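Here is what each chain is made of, one letter per residue.
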Amino acid sequence: MSRLNVEIIHPQNADVNNILTAIERKYAHKPATPETIADMEREAARLIRRLITTKVTFIK
């Protein structure tokens, strides 16, 4: 029976830290309002999601 094998490759800690540092630098001059915090969280989640890769292979 054939099937699909899915492998999720997580990002390196250094890459995640670089994203967080860039976001902290970008929002450093803005006040910490709920809207700003939501924007930071949304942007961080989007950028980190882009670092996660999946590898799908067909197995006979």
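Going by the structure above, here's the rest.
Residues numbered from 1 in each chain as written. Predicted model: local features only at pLDDT ≥ 70, side-chain atom pairs only at ≥ 80, totals over all residues. Heavy atoms only, no water.

Trainee: Requested: an account of the environment of arginine 50, with residues and values cited.
Mentor: Looking at the secondary structure, you find arginine 50 in helix 2 (residues 34–51). With relative accessibility at 63%, the residue arginine 50 sits in the exposed group. (Helix = DSSP H or I, 4+ residues; strand = E, 2+ residues; numbered from the N terminus. Buried < 20%, exposed > 50% of the residue type's maximum accessible area, 1.4 Å probe, protein only.)

Trainee: Quick one: what's the story with helix 1 (residues 13–26), residue by residue and with numbers?
Mentor: Between its first and last C-alpha atoms helix 1 spans 20 Å; for 14 residues at 1.5 Å apiece the expected length is 20 Å, and the two agree. All of the buried residues along helix 1 are Val16, Ile19 and Ile23. Viewed end-on, helix 1 has its buried residues packed into an arc of 60°, placing them on one side of the element. Turned more than 90 degrees from where helix 1 packs its buried face, Asn13, Asn18, Glu24 and Arg25 sit exposed. In this structure, the buried side of helix 1 is in contact with helix 2. (Expected span 1.5 Å × (residues − 1). Arc of directions from axis to C-beta. Contact = heavy atoms within 4.5 Å.)

Trainee: Account for the pattern of salt bridges, naming residues and giving values.
Mentor: Within the structure shown, the criterion is met by two salt bridges. Two residues, glutamate 43 and lysine 26, come together in a salt bridge whose shortest N-O distance is 3.3 Å. Linking glutamate 43 in helix 2 with lysine 26 in helix 1, this pair joins segments that are 17 residues apart in sequence. We classify lysine 26 as partly exposed; its relative accessible area is 42%. A salt bridge links arginine 42 to aspartate 39; the shortest N-O distance between them is 2.9 Å. Taken together, the residues arginine 42 and aspartate 39, both in helix 2 and three residues apart, mark about one turn of the helix. You can call aspartate 39 partly exposed: its relative accessible area is 33%. (Salt bridge = Lys/Arg side-chain N within 4 Å of Asp/Glu carboxyl O.)

Trainee: Explain the side chain of threonine 36 to me, and be specific about the residues and the numbers.
Mentor: Tracing the backbone shows threonine 36 in helix 2. The exposure class assigned to threonine 36 is buried, which follows from its relative accessible area of 13%. Every residue in contact with threonine 36, bar those within four places of it in the chain, is listed here: Tyr27, Lys30 and Pro31.

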